[in-house]
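Examining the three-dimensional arrangement
Single-letter residue listing:
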Amino acid sequence: MEIDRDKILEHVDKAVFRTVGSVADEMQRECYVVGGYVRDIILERPSKDIDFVTVGSGIEVARAVAAHYGKGKAHLSVFKTYGTAQVKTRDGMELEFVGARKESYRRESRNPIVEDGTLRDDQLRRDFTINAMAISLNAATYGQLLDPFDGMGDLESRIIRTPLNPDITFSDDPLRMMRAVRFATQLQFDIYPETLDAIKRNAGRIDIITHERIAEEMMKIMRSPQPSRGFMLMSETGLLHRIFPELNALRGVDNSHGRTHKDNFLHTLQVLDNVAAASSNEWLRWAALMHDIGKPVCKRWDDQLGWTFHNHNFVGEKMVPKVFARLRLPLNEHMKYVKKLVGLHMRPIALVEDGVTDSAVRRLLFDAGDDIDDLMTLCKADITSKNQEKVKRFRDNFDLVKRKLVDIEEKDRVRNFQPPVDGAEIMTTFGLAPSLPVGQIKDAIKDAILDGAIDNSYRAAHPFMMERAATLGIKPVNEGRLCYSTLNSPVGAITIACTTQGIVLIDTESAHEMLSKIGKSLRLEIVEAGTPLIDRCKQQLEQYFAGERKDFDLPCQMVGTDFAMRVWREMSAIPYGETITYSQLAQRAGSPRGQRAAAQACHTNKLMIVVPCHRVVASDGSLGGFRGGIEMKEALIKLETPFKGANG
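From a predicted model like this one, the values you see are computed outputs, not experimental measurements.

The next thing to look at is the nonpolar core. In terms of nonpolar packing, the biggest core is built from 110 residues, with Phe231, Phe244, Trp286 and Met290 touching the most fellow members. Looking at this core, the element that brings in the most residues is helix H8 (residues 175-187), giving eight residues. The contact partners of Trp286, leaving out residues within four places of it in the chain, are Met218, Met219, Met222, Phe244, Leu329 and Val338. In terms of nonpolar packing, the next biggest core, distinct from the first, is built from 62 residues, Ile449, Ile494, Phe563 and Ala598 among them.

Right, here's the structure in full:
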């Protein structure tokens, strides 16, 4: 790596550094910009946090710098316990100040004993040579690089190396071993052989570091361009065995009867890098890292099949919360996300191998929900065979699965779906308390939709609910009743009546005579009462009149001649905002000459609006008859006109 040393001076020739240097000179203090900021200047990496070290009190210099900026232009925070201070400027810079110090350690703790020191003392306590460089900000030596351990040379050689004896460095503060791995991963540097050997010798010292601090370093490794590098280094040095034994257990290959399995650790790291190349989502990367952690537990030899790892995804799914808790990773939605993907990661592969059925795709969509795209990214990354023909075949099949996912979701809308009938409606309909039968009915509806037995609609789910309850010997509370209620609408009061099977009447308030006829015909007691079905009908009618709904999703109990039933079904298919003629309707119903019969079917239609006979007009352009009156028919057609041609 070529380093332009003139760029260093050019970079610090900025107002913030001139200001800090000027304040330090006024106080007759040595002051330097140090550490990671200097390293990132040379590597041309962006950095907002700037660390300053001064010989003497860093807090005093920070106070003077904040005062120089003036009230309202900088905010000062002082941390007396640590002897540090921070100045946040109005333009978003964070300036950290500390006095130069020297440190000594007790073996049982990584917390140092701190004393005031010189700049060299301060540089000696730094973890790595590339973080031990300093640039002078005092006028007499402004821009001078102080690099006593050849950090510049290590940057050019792309090496991570400690300033002092690495055994002392890592024994004093074992977290530095994780930092060495992290920097090597982030910067794609090598760890100097002597430094690497010292990490191996001191790996056991990591046990005194809190899991929270280790987790911070692991998260930074995970966000790196090639995170596998960090986990490979952790494995090589013995850190992984102590920090993440479940991952380390994937290492190695067993041999039985001359047959081996792939090294699942190396496979996992390849999957991790494949995912990292496709996504910056750090939790998807964690799912990649953990997708096979159940394999060591499930590994078995089968004389027919060879090495098997049956159910490793389910075992791994159960392991995720325990690993997250021990590593002090968040036990929130991120953990649940990783857990879900680990549990599901074999499902798309099974689809490829067993055949892509609509039912299996629906269930995958339902179980994965909004994470389906991330799951497919993980599964595609999981194809790491050296057999390129096999890889191509699997990827082609994955493309087929992805197309099927899009088609099924567009048609059936099952991603994150909730069954159209919920538990509350089941309990109200059948007078049940929360109980096993409620769950059984709800699950049966969900399974019927996912299996493709019924549509993902209320009109299909409601009668299925009634049938399922009947098989369990459960009767609806309104059995034997014709329930009705009234809705005030822009076209007047509308009466809605239903049986337990579906809506039988949606008509104007003059419908009481019709209620009586229906009640006698079906031998039902007429009761003015609300039901879940009536409430849903009211809700959909209100949405219709507000222009928010174009299609109704209601179970209708239509009673009439075979021809009338066919006519009503055809009417239900007339698009919102469009009209057809009676002759066209008769032709659609299978009787081109049955224009008069079609008109009669429209006139006797008791489910106006939902079964939209108002969309059927005469050939001469006149509106023809309508059960609710011509004025209402005209009003409904006018209501739909602004949305003509729109699909529901």
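There's plenty left to go through after this.
For sheets, the rule is that strands pair by backbone hydrogen bonds, running either parallel or antiparallel. With mixed pairing, four strands are arranged side by side in an open sheet as S18-S17-S16-S19. At either end of the open sheet lies a strand with only one pairing partner, and these are strand S18 (503-508) and strand S19 (525-528). Taken pair by pair, the neighbouring strands of this sheet meet at an average axis angle of 25°, ignoring direction. Looking at chain direction, strand S16 (residues 481-489) and S19 are connected through four bridges and run parallel. In the strand pairing of S19, Cys483 is matched with Val527.

Right, let's talk about the packing of helix H2 (residues 15-26) against helix H4 (residues 58-69) for a bit. The geometry of H2 relative to H4 is characterised by a closest axis approach of 10 Å and an angle of 120° between their N-to-C directions. Judged by the inter-axis angle, H2 sits oblique to H4. Considering only the axes of H2 and H4, their crossing is right-handed. Mapping the contact onto sequence places Val16, Thr19, Val20 and Val23 in H2 and Val61, Ala64, Val65, His68 and Tyr69 in H4. Grouping the amino acids of the contact of H2 with H4 by side-chain chemistry returns seven nonpolar, two polar and no charged.

Another point: the side chain of Asp127. By the element assignment, Asp127 lies in the loop between helix H5 (119-124) and strand S8 (134-136). The buried category is assigned to Asp127, whose relative accessible area is 8%. Side chain to side chain, Asp127 and Asn131 meet in a polar contact 3.1 Å long. The contact partners of Asp127, leaving out residues within four places of it in the chain, are Arg161, Thr162, Pro163, Thr169, Arg176, Arg179 and Phe183.

Turning to the packing of aromatic side chains, a few remarks are in order. In total, this model carries nine aromatic pairs according to the counting rule given. Taken together, a centroid distance of 6.3 Å and an interplanar angle of 55° make the contact between Phe17 and Phe52 tilted. Of this pair, Phe17 sits in helix H2 while Phe52 sits in strand S2 (residues 49-54); the two residues are 35 residues apart in sequence, bridging distant segments of the chain. Residue Phe17 is classed as buried on the basis of its relative accessible area of 0%.

Packing of helix H14 (residues 264-278) against helix H21 (residues 372-381) brings their axes to within 8 Å, and their N-to-C directions diverge by 135°. Comparing their axes, H21 and H14 come out oblique. Once H14 is placed against H21, the crossing between them reads as right-handed. Contacts between H14 and H21 involve Val271, Asn274, Val275 and Ala278 on the former and, on the latter, Thr377, Leu378 and Ala381. Of the residues belonging to the contact of H14 with H21, the class tally is five nonpolar, two polar and no charged.

Time to look at helix H28 (residues 562-572). Within H28, the full set of buried residues consists of Phe563, Ala564, Met565, Val567, Trp568 and Met571. Looking at the packing, one finds that the buried side of H28 touches helix H29 (582-588), helix H30 (595-604) and strand S21 (616-617).

What follows is about the side chain of Ser359. As for its position among the elements, Ser359 is in helix H20 (residues 358-368). Polar contacts involving the side chain of Ser359 include one to the main-chain carbonyl oxygen of Leu450, which spans 3.5 Å. A distance of 3.1 Å separates a polar atom in the side chain of Ser359 from a polar atom in the side chain of Asp451. In contact with Ser359, not counting residues within four places along its chain, are Leu450 and Asp451.

Before going further, it helps to examine the sheet that holds strand S1 (residues 31-34). As summarised here, the arrangement of the seven strands in space is S3-S4-S5-S2-S1-S8-S9, forming an open sheet in which the pairing is mixed. The open sheet has two edge strands, strand S3 (74-79) and strand S9 (145-146), and neither has a second partner. Both S1 and S8 contribute to a ladder of three bridges, which runs antiparallel. Counterpart to Tyr32 in the pairing with S8 is Ser136. In the packing of helix H3 (residues 36-43) onto the sheet, the strands contacted are S1, S2, S8 and S9, and the crossing angle to S1 comes to about 60°. Sheet strands touched by H4: S2, S3, strand S4 (84-89) and strand S5 (94-99). Its angle to S5, the strand with the most contacts, is close to 145°.

Before going further, it helps to spend a moment on the confidence of the model for the chain. Per-residue confidence for the chain averages 88 on the pLDDT scale, and 94% of its residues sit at or above 70. Note on residues 644-648: pLDDT under 50 across the span, and eight contacts to partners over four residues away in sequence or across chains.

Each value, and the rule that gives it
Residues numbered from 1 in each chain as written. Predicted model: local features only at pLDDT ≥ 70, side-chain atom pairs only at ≥ 80, totals over all residues. Heavy atoms only, no water. Core = buried A, V, L, I, M, F, W, Y, C linked by side-chain atoms within 4.5 Å. Buried < 20%, exposed > 50% of the residue type's maximum accessible area, 1.4 Å probe, protein only. Helix = DSSP H or I, 4+ residues; strand = E, 2+ residues; numbered from the N terminus. Contact = heavy atoms within 4.5 Å. Pairing = 2+ DSSP bridges. Axes fitted to C-alpha atoms, helices over the stretch in contact; angles between N-to-C directions. Parallel < 35°, antiparallel > 145°, perpendicular 65-115°, else oblique. Left-handed = near helix turned anticlockwise from the far one by under 90°. Nonpolar A, V, L, I, M, F, W, Y, C, P; charged D, E, K, R; others polar. Polar contact = N/O pair within 3.5 Å; in protein donor to acceptor, adjacent residues only side chain to side chain. Phe/Tyr/Trp six-rings, centres within 6.5 Å; stacked < 30°, edge-to-face > 60°. pLDDT = per-residue confidence, 0-100.

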